[in-house]
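Observations on the model geometry
Letter by letter, the chains look like this.
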Amino acid sequence: MSSSLNNYLFDAFSNASDDIYIYVTDLHEDLTRWSGGAVEFFGLENEYMYDVKTRWIDYIHPDDRDMYIEDISGVFNGTKPQHNCEYRVRNRSGAYSWVECRGSMVYEDGQPVFFAGLMTRIDNQSKYDGLTHLLTAYELPKAPIIPSASILLVGIDNFRMINSRHGILYGNRVLKYLADLLSSEFSDETVYRFSGDEFVVYSTHLSIDELKYRFEKIYLTCNIAENYEGIESFSISAGLVEIPSADTSMMDIVGFAELSLADAKEHSTQHLSVYSSEIKKKHIRRTKISEELISSIRNNYEGFHLEYQPLMGSYGSRVVGAETLLRWEPENPEIGECSPEEFIPILEKNEGIVDVGYFVMKESIRQLSEWQEKFPYLHISFNVSYLQLQDPLFVPSILKTCKLYNVDPHNIIMELTESILATDIELVRESFRILRSQGIRIALDDFGTGNTSFWTVHSVDIDILKLDQAYVRTLCENNKIDLAIVESISIMCNRLGYDLIAEGVETDEIRNVLQQFEITAYQGFLFSRPLTPDKFEAFLDENGSNYAFR
Ligand code: C2E
Ligand code: CA
Ligand code: CA
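Procedures and definitions
- Residues numbered from 1 in each chain as written.
- Chains lettered and ligands numbered in written order.
- Predicted model: local features only at pLDDT ≥ 70, side-chain atom pairs only at ≥ 80, totals over all residues.
- Heavy atoms only, no water.
- Helix = DSSP H or I, 4+ residues; strand = E, 2+ residues; numbered from the N terminus.
- Buried < 20%, exposed > 50% of the residue type's maximum accessible area, 1.4 Å probe, protein only.
- Contact = heavy atoms within 4.5 Å.
- Pairing = 2+ DSSP bridges.
- Axes fitted to C-alpha atoms, helices over the stretch in contact; angles between N-to-C directions.
- Donors = N, O, S within 2.8 Å, 3.2 Å for Na, K, Ca; no water.
- Phe/Tyr/Trp six-rings, centres within 6.5 Å; stacked < 30°, edge-to-face > 60°.
- 1 Å grid on protein atoms, 1.4 Å probe; cavity = no way out; pocket = protein on both sides within 12 Å on 5 of 7 lines; lining within 4 Å.
- Points joined across faces, edges and corners; volume = space filled by probe spheres on them.
- Near = heavy atom within 4 Å.
- Polar contact = N/O pair within 3.5 Å; in protein donor to acceptor, adjacent residues only side chain to side chain.
- Areas by Shrake-Rupley, 256 points an atom, 1.4 Å probe, with all protein chains shown as cover.
- Nonpolar A, V, L, I, M, F, W, Y, C, P; charged D, E, K, R; others polar.
- Parallel < 35°, antiparallel > 145°, perpendicular 65-115°, else oblique.
- Core = buried A, V, L, I, M, F, W, Y, C linked by side-chain atoms within 4.5 Å.

So, about the environment of F517. Mapped onto the fold, F517 is located in the loop between α18 (508-514) and β20 (521-522). Residue F517 is classed as buried on the basis of its relative accessible area of 9%. When the C-alpha positions of F517 and V486 are compared, they lie 8.1 Å apart, and in sequence the two are 31 residues distant. Excluding residues that lie within four positions of it along the chain, F517 makes contacts with L483, V486, E487 and S490.

What follows concerns the sheet that holds strand β3 (residues 48-50). Remark on secondary structure: sheet strands pair via backbone hydrogen bonds, oriented parallel or antiparallel. What the six strands build is an open sheet, ordered β3-β2-β1-β6-β5-β4; its pairing is antiparallel. Looking along the sheet, the strands with just one partner apiece sit at the ends: β3 and β4 (82-90). Each neighbouring strand pair of the sheet contributes to a mean axis angle of 25 degrees, computed without reference to strand direction. Pairing analysis gives nine bridges linking β4 to strand β5 (residues 96-108), with the strands arranged antiparallel. Residue pairing for β5: H83 is matched across the bridge by G103. Against the sheet, helix α4 (residues 65-76) makes contact with β4, β5 and β6 (111-121), and its axis sits at roughly 150 degrees relative to β4, the strand it touches most.

Judged by how many residues are buried, strand β8 (residues 150-156) sits mostly within the fold: seven of seven residues are covered. Where β8 and strand β10 (residues 198-203) come together, six bridges link them in antiparallel fashion. For L153, the partnering residue across the bridge sits in β10 and is V200. One ladder, built from seven bridges, connects β8 with strand β11 (residues 236-242); its direction is antiparallel. Among the inter-strand pairings, L153 is bridged to a residue of β11, identified as G239.

Protein-derived coordination of the calcium ion (ligand 3) comes from D445 (OD), D446 (OD), E503 (OE) and E503 (OE), at a distance range of 2.1 to 2.8 Å. In this structure, the calcium ion (ligand 3) is positioned 3.9 Å from the calcium ion (ligand 2), and both are ligated by D445. One end of the pair, D446, is in strand β17 (residues 441-447); the other, E503, is in the loop between β19 (499-502) and α18, and 57 residues separate them in sequence.

All right, on to the coordination of the calcium ion (ligand 2) then. Tetrahedral coordination by four donors places them ideally at 109.5 degrees to one another around the metal; octahedral coordination by six donors ideally gives 90 or 180 degrees. Listed as protein donors to the calcium ion (ligand 2) are E323 (OE), N383 (OD1), E415 (OE) and D445 (OD); their distances from the metal cover 2.1 to 2.3 Å. Sequence positions of the residues that donate to the calcium ion (ligand 2) give the spacing E-x59-N-x31-E-x29-D. By relative accessible area, D445 is classed as buried at 7%.

Next up on the list: the packing of aromatic side chains. Applying the stated criterion across every chain, the model contains 24 aromatic pairs. On the basis of an interplanar angle of 40 degrees and a centroid distance of 6.4 Å, the ring pair of F215 and Y219 is categorised as tilted. Here the residue F215 and the residue Y219 both occupy positions in helix α7 (residues 208-223), the gap between them amounting to four residues, near one helical turn. Across the pair, exposure class does not vary: F215 and Y219 are buried alike.

Let us look at empty space enclosed by the protein. This model, assessed by the stated rule, comprises one cavity of 30 Å³ or more. In terms of lining, the largest cavity is formed by 15 residues, of which the most central are Y23, V52, Y68, I72 and F115. Contributing elements (two or more residues each) for the lining of the largest cavity: β1 (20-26), β2 (31-34), α3 (52-59), α4, β4 and β6.

Another point: unusual backbone geometry. The phi dihedral of D30 is positive, around 55 degrees, even though this residue is not glycine. The phi dihedral of D51 falls on the positive side, at around 55 degrees, and the residue is not glycine. With respect to the helices and strands, D51 occurs in the loop between β3 and α3. When its relative accessible area of 32% is taken as the criterion, D51 is described as partly exposed.

Attention now goes to the site of ligand 1. Every one of the 23 residues lining ligand 1 counts as a neighbour, but R327, D445, Q469, E506 and F525 are closest to it. Separating an oxygen atom of ligand 1 from a side-chain N or O atom of N383 is a distance of 3.1 Å. Interatomic distance of 2.8 Å between a backbone N/O atom of F525 and an oxygen atom of ligand 1. When ligand 1 sits alone it has 800 Å² of accessible area, and the protein chains cover 85% of it. Every element with two or more residues in the shell around ligand 1 is listed here: β14 (319-328), α10 (340-349), α11 (352-372) and β17. Here the residues of the shell around ligand 1 sort into nine nonpolar, six polar and eight charged.

Two numbers describe a pair of packed helices, the interaxial angle and the distance between the axes. At their nearest, the axes of helix α9 (residues 277-298) and α10 sit 10 Å apart, and the two run at 75 degrees to each other. As the angle between them shows, α9 and α10 are arranged roughly perpendicular. Contacts between α9 and α10 involve R285, R286, I289, S290, L293 and I297 from the former and E342, F343, I346 and L347 from the latter.

All right, on to the nonpolar core then. Counting 80 residues, the largest nonpolar core has F304, M414, L465 and L514 as its most contacted members. No other element matches the ten residues that α11 contributes to this core. With residues up to four places along the chain from it excluded, the contact list for L465 reads L444, F447, F454, I489, C493, Y498, D499, L500 and I501. Of all hydrophobic cores here, the second largest spans 32 residues; its members include L131, F159, L211 and Y219.

Dropping the structure here:
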């Protein structure tokens, strides 16, 4: 075998991209080497091919052969400096893909020794996906719209996180693994790679129950750790739609499937949702809310205001701070009441949270500056969504706002939920480092609701843990499990030097139970509901303290 074709450069470039293939021909031996991707995609016997001139012609679409031969002959007889033409090539599945093929001669001592080039797949509308060999989304509109046929849209949960934790190559293996599972489970159906991490199964003859059952099997397989060549367990969700009528467009059907998939991802207990009128209604309401939120933001945050819920110190139950909670009164009466639990996720989706987050941050700090004249130790704690940290102007602007209102950053707490740890961890670390170096404290909100372990928490520097209400609200002397959890969390916080805030303290009994642990501050309806600024001021006058948070 020609050793000149075995070199590191070839290996390095071979893996550069999924849809670019390289080839080098040793003219002396009439031997060509193809990159692995080409072998895979075109279904070649192996990387090496003798007599490429004759053999490659076989792969080219009959209608394109003359054009190809004319171009390549020009290069070989020296009348053309470069081979450059577009033609169709048969891939391993027997279908043709458009490629752009470029190649040049390499000369030594005036003699041509190599012919080398790149082949780029230009068929974005290509029939087959290079990685999974499934049909691409471009093919889906060709599927017949038959009432009673169904579309199952399958998506990988947190695929972005899988990619960022383990790298793109690992992510590709996960995709390929799932593609193979789907193809074998649905061998009589048509399976498409729909988008990055989503797949569509189009079925004309399986019942909804059968589709659900088969999806469940795949779901379980993916959930088994170390299931296949070192792929860690991962989770998938699905949306299922029965095609309602022959006059529905494929775009609409896929839209319904997307809504159902989003619905499934929202529920931690179910991983498949069948499209229903409920899902449709929810979507219509959300769209309305989303539009209305944007218009509120544009109208100088009209309809938004802040309430403040007291944080009570552990001694004597005096106020040591307040958590800022956002409220929104939509103008559109059709929307009616809308709680933060409903509108915050919508703001996170339409990215309005970045703008609204500035409003919350600035207004909280301004408000604190007013209260601080009387209560210099008072703290203000506001919620920050992960999207806000991705805005490079946000962190500097907090510090600027503190300066503007003459507020000591030591009196500011930022609350972020555990989900922040699943995003760009380096960015999170760096933001926390800057904020903490200026005195701002970082609280991890709703601790215990996600799957975060202390190990993960410890991978970033924080100051405060806020114990989720779920552990607190039902706490009583007989609730041995929750007691043990709270106890161990409080011990850990103590050892790691974190302050601990208990949220959701609703009754005296809960407060009494909590008093056996080292808790820095309490928050809950027992002390007060979130209050308008006026009411909070009155509460403060009665219950304010002049000692520090800790
Ligand atoms: P959170 O940050 O966990 O806020 C505490 C929530 O618990 C508040 O709900 C508060 O009213 C409620 N709460 C406090 N004490 C008790 C209690 O004793 N019992 C019960 N059952 N509930 C209690 P709220 O105001 O509806 O806010 C819900 C969530 O919305 C917040 O949860 C937070 O995640 C989000 N949120 C609110 N304001 C903002 C904001 O300005 N920015 C961002 N990004 N999120 C916000
Ligand atoms: Ca909070
Ligand atoms: Ca919370």
